[in-house]
Amino acid sequence: MSQILKNENLEIHIDLPNENYNFSRFDWTGKIVKVKFQNIYLSSVERIDCENEHSFGKGFYNEFGIDTALGFDDTEIGGWFHKIGVGLLKKNDNEYECTKNYEIIPAEFEIITESNKIVVICNSKSVNGYSYVLKKEIELHKNNFTIKYYINNTGEKDIITDEYIHNFTAINKELIGNNYILKFPFQLKPILFRDTVNPEQKVEIGQNDIKFISSPKKEFFFSNLSGN
C-alpha cells in the first residue's frame with residue numbers, strides 16, 4: 001500500500017521499496033509515483049505503451065550511476081556489484097547498461113514515517129570492498145516538497161557515483177503537445193547542445209523556451225541546456 005503525504009495543497013504517493021517497481025535501474029528508496037497540487041495531477045509515467053506500468057519509471061523516480069554502477073568494473077562476470085538504492089546485481093557481460101534487467105539480491109530497507117515525512121534507509125551488503133548506508137528523506141511542506149539524500153560509506157573503497165531524478169511530468173495527464181511551453185531563465189543556445197534528437201521536428205527551440213507543434217510519437221532528447 002502506497003504511503004501518502006498530504007496537506008491542503010499537495011498530495012504525494014510513495015511506493016515502499018518492495019512495492020510495485022522491482023527492477024534493477026531505479027532507486028527503490030521512496031519511489032514517488034504520483035504528485036497532485038490542489039488536486040491537479042503533475043506526475044506521469046515514462047511510457048504509455050507498456051503493458052506493465054510498474055516495469056518503467058514514473059513520477060519522480062531517481063537513479064544512482066546511470067553510466068556505470070558501483071564496483072561494476074572491479075567485478076568478474078558472474079559476480080555481484082552494487083546498484084545504490086537497489087541491492088546487488090549479477091554481472092553478465094563487460095558492458096553496463098542501465099536498461100538491462102539484471103538478477104537482483106535486494107538490499108535491506110527500513111522505513112520511518114511521520115505525519116509530513118517518510119524516511120527510507122537502505123543498508124547494503126559488503127561486496128568487493130564496497131558497502132554503504134543510503135538514507136532518503138521525503139518531506140512535505142505547504143506548497144512544495146523536498147528530497148534529501150545521505151550516503152554513508154561503510155566500506156573500504158571510495159564511492160564515486162552520480163545521481164539524477166526524473167521528472168515524468170504531465171498536467172492532468174495531458175500528453176505533450178501545443179498546450180505546453182517549457183520556459184528557461186536563460187537563453188538557449190542550440191549550437192552548444194551536446195545531443196539533439198528531434199526526428200519528427202515537433203519540438204521547437206526558442207530563445208528562452210521550448211514549444212511543441214503536436215504530440216511527438218517518437219523519442220526526442222536534448223542535453224546541455226544550461227546556456228554555457
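Residues numbered from 1 in each chain as written. Predicted model: local features only at pLDDT ≥ 70, side-chain atom pairs only at ≥ 80, totals over all residues. Heavy atoms only, no water.

## Here we look at the layout of surface pockets
Think of a ball as big as a water molecule: rolled over the atoms, this probe shows where empty space is left.
Okay, step 1: Volume-wise, the second largest pocket comes out at about 210 Å³.
Okay, step 2: Grouping the amino acids of the lining of the second largest pocket by side-chain chemistry returns five nonpolar, four polar and five charged. (1 Å grid on protein atoms, 1.4 Å probe; cavity = no way out; pocket = protein on both sides within 12 Å on 5 of 7 lines; lining within 4 Å. Points joined across faces, edges and corners; volume = space filled by probe spheres on them. Nonpolar A, V, L, I, M, F, W, Y, C, P; charged D, E, K, R; others polar.)

## Some points on the pattern of salt bridges
Okay, step 1: Under the criterion given, the structure shown has twelve salt bridges.
Okay, step 2: The partner of E11 in a salt bridge is K6, and the shortest N-O contact between them spans 3.6 Å.
Okay, step 3: According to the relative accessible area criterion, K6 is exposed, its value standing at 57%.
Okay, step 4: For the salt bridge of E137 with K117, the shortest nitrogen-to-oxygen distance reads 4.0 Å. A residue pair is termed long-range when its members are at least 10 positions apart, and E137 in strand β11 (residues 132–140) and K117 in strand β10 (residues 117–123) qualify at 20 residues. There is no split in this pair, since E137 and K117 are both buried.
Okay, step 5: Because the salt bridges share partners, they merge into one network encompassing K6, E11 and K36. (Salt bridge = Lys/Arg side-chain N within 4 Å of Asp/Glu carboxyl O. Buried < 20%, exposed > 50% of the residue type's maximum accessible area, 1.4 Å probe, protein only. Helix = DSSP H or I, 4+ residues; strand = E, 2+ residues; numbered from the N terminus.)

## So, the nonpolar core
Okay, step 1: One finds L5, I12, I14, I32, F81, Y96 and I118 to be the most contacted residues of the largest nonpolar core, which totals 34 residues.
Okay, step 2: For this core, the secondary structure elements donating two or more residues are β2 (10–15), β3 (31–37), β10 and β11.
Okay, step 3: Counting residues per element, this core draws most heavily on β11, which supplies four residues.
Okay, step 4: If near-sequence neighbours (up to four positions away) are discounted, F81 is found in contact with A69, L70, G71, F72, T75, G87, L88, L89, K90, K91, Y96 and Y102.
Okay, step 5: Core analysis: the second largest hydrophobic core is formed by nine residues, Y180, L188, F193 and F212 among them. (Core = buried A, V, L, I, M, F, W, Y, C linked by side-chain atoms within 4.5 Å. Contact = heavy atoms within 4.5 Å.)

## Re the pairing of β2
Okay, step 1: Buried residues dominate β2, accounting for six of its six residues.
Okay, step 2: The alternating pattern of β2 places L10, I12 and I14 and E11, H13 and D15 on opposite faces, both of which are buried.
Okay, step 3: The pairing of strand β1 (residues 3–6) with β2 spans four bridges and is antiparallel. Paired with K6 across the strands is E11, a residue of β2.
Okay, step 4: Between β1 and β2, which pair antiparallel in sequence order, lie three residues.
Okay, step 5: In the sheet, β2 pairs with β3 via six bridges, with the strands oriented antiparallel. Paired with D15 across the two strands is K31, which belongs to β3. (Pairing = 2+ DSSP bridges.)

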